[in-house]
Amino acid sequence: MPFPNIDPIAFHLGPIAVHWYGIAYVVGILGWWRYTLWLSDKYPTITRKDIDDFIIWAVFGVVLGGRLGYVLFYKPEYYLTHPLEIVQTWHGGMSFHGGLLGVIIAVALFARQRGLTFLQFADVGACGVPIGLFFGRIANFLNAELYGRITDFEWGVIFPNGGPLPRHASQLYEAFLE
């Protein structure tokens with residue numbers, strides 16, 4: 001089946017283009033926040049205030065870590081010669097691995113500041129991560145990126161940059177298995 005013609009821009013707010021990918025980040029982080037608040041009521045190893053206060057740390061960890069991870073892991077030579085483009089996230093380029101490292105660092109610093117152990121906070125916080133990963137993988141599908149191997153299954157998708165043969169929509173597999 002051909003890839004559906006999906007515009008990566010969901011809508012415009014005046015001159016600002018709001019991308020599906022950005023919406024996925026916002027919904028994923030808010031979903032993490034609500035779910036971990038619910039967990040903190042059931043398992044009070046961390047407080048609701050801790051979770052409320054950590055959300056800004058999480059945003060910085062995900063975004064800064066994700067961007068720096070992309071810059072360092074995927075295109076370091078390019079960004080060494082174009083350093084001003086490092087902050088231009090609207091051109092794309094985020095790394096799951098960098099975002100993960102960014103959040104791990106944020107959790108470690110936050111827990112230390114609050115007098116919690118890393119595992120006390122991470123144990124509850126990690127439970128909400130699949131919500132963010134779900135929305136991130138849906139955004140990967142909408143952007144026609146990170147597709148899977150060539151397949152002869154009838155639900156294979158012909159991605160715009162994936163060549164003429166159908167491929168697994170691995171982004172959707174990963175999203176729904178989160």
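Quick notes on the rules
Residues numbered from 1 in each chain as written. Predicted model: local features only at pLDDT ≥ 70, side-chain atom pairs only at ≥ 80, totals over all residues. Heavy atoms only, no water. Helix = DSSP H or I, 4+ residues; strand = E, 2+ residues; numbered from the N terminus. Buried < 20%, exposed > 50% of the residue type's maximum accessible area, 1.4 Å probe, protein only. Contact = heavy atoms within 4.5 Å. Areas by Shrake-Rupley, 256 points an atom, 1.4 Å probe, with all protein chains shown as cover. Lys, Arg positive; Asp, Glu negative; His and termini not counted. Charge placed at Lys NZ, Arg CZ, Asp CG, Glu CD. Arc of directions from axis to C-beta. Core = buried A, V, L, I, M, F, W, Y, C linked by side-chain atoms within 4.5 Å. Salt bridge = Lys/Arg side-chain N within 4 Å of Asp/Glu carboxyl O.

A. Examining the overall build of the chain more closely. Counting its regular elements, the chain contains seven helices and two strands. Secondary structure elements of the chain, listed N to C terminal, follow the sequence β-β-α-α-α-α-α-α-α. Seen along its three principal axes, the alpha-carbon backbone of the chain occupies a region of about 55 × 40 × 35 Å. In the chain, buried positions account for 33% of the 178 residues. Excluding contacts between residues fewer than 6 apart, the proportion of contacts in the chain whose partners are at least 24 apart in sequence is 56%. Total accessible area on the chain stands at roughly 11,100 Å², and carbon and sulfur atoms take up 69% of it. Between the centroid of the 11 positive side chains of the chain and the centroid of its 13 negative side chains there is a distance of 6 Å.

B. A look at helix α5 (residues 118-125). What α5 keeps buried is the set Phe121, Ala122, Val124 and Gly125. Down the axis of α5, the buried set is contained in an arc of 165°. They therefore lie on one face. Projecting away from the buried face of α5 at angles above 90 degrees are the exposed residues Leu119 and Asp123. Each element contacted by the buried residues of α5 is listed here: α1 (20-42), α2 (48-74), α4 (96-114) and α6 (129-142).

C. A look at the nonpolar core. Of all hydrophobic cores here, the largest spans 15 residues; its most connected members are Ile46, Ile51, Phe54, Val107, Leu116 and Phe121. Those elements giving two or more residues to this core turn out to be α1, α2, α4 and α5. With seven residues, the next largest nonpolar core counts Leu142, Ala144, Val157 and Ala169 among its residues.

D. Up close: the pattern of salt bridges. One pass over the structure, following the stated rule, counts five salt bridges. For Asp41, the salt bridge identified is with Arg48, shortest N-O distance 2.8 Å. For Arg48, a relative accessible area of 35% puts it in the partly exposed group. In this structure, Arg114 engages Asp53 in a salt bridge whose closest nitrogen and oxygen atoms are separated by 2.4 Å. One end of the pair, Arg114, is in helix α4; the other, Asp53, is in helix α2, and 61 residues separate them in sequence.

E. Layout of unusual backbone geometry. We note that Ala144 has phi near 55°; this positive angle belongs to a residue other than glycine. With respect to the secondary-structure elements, Ala144 resides in the loop between α6 and α7 (170-177). Residue Ala144 is classed as buried on the basis of its relative accessible area of 10%. One non-glycine residue, Leu146, lies in the positive phi region at around 60°. Take Leu146: it is sitting in the loop between α6 and α7. By relative accessible area, which is 52% here, Leu146 ends up exposed.

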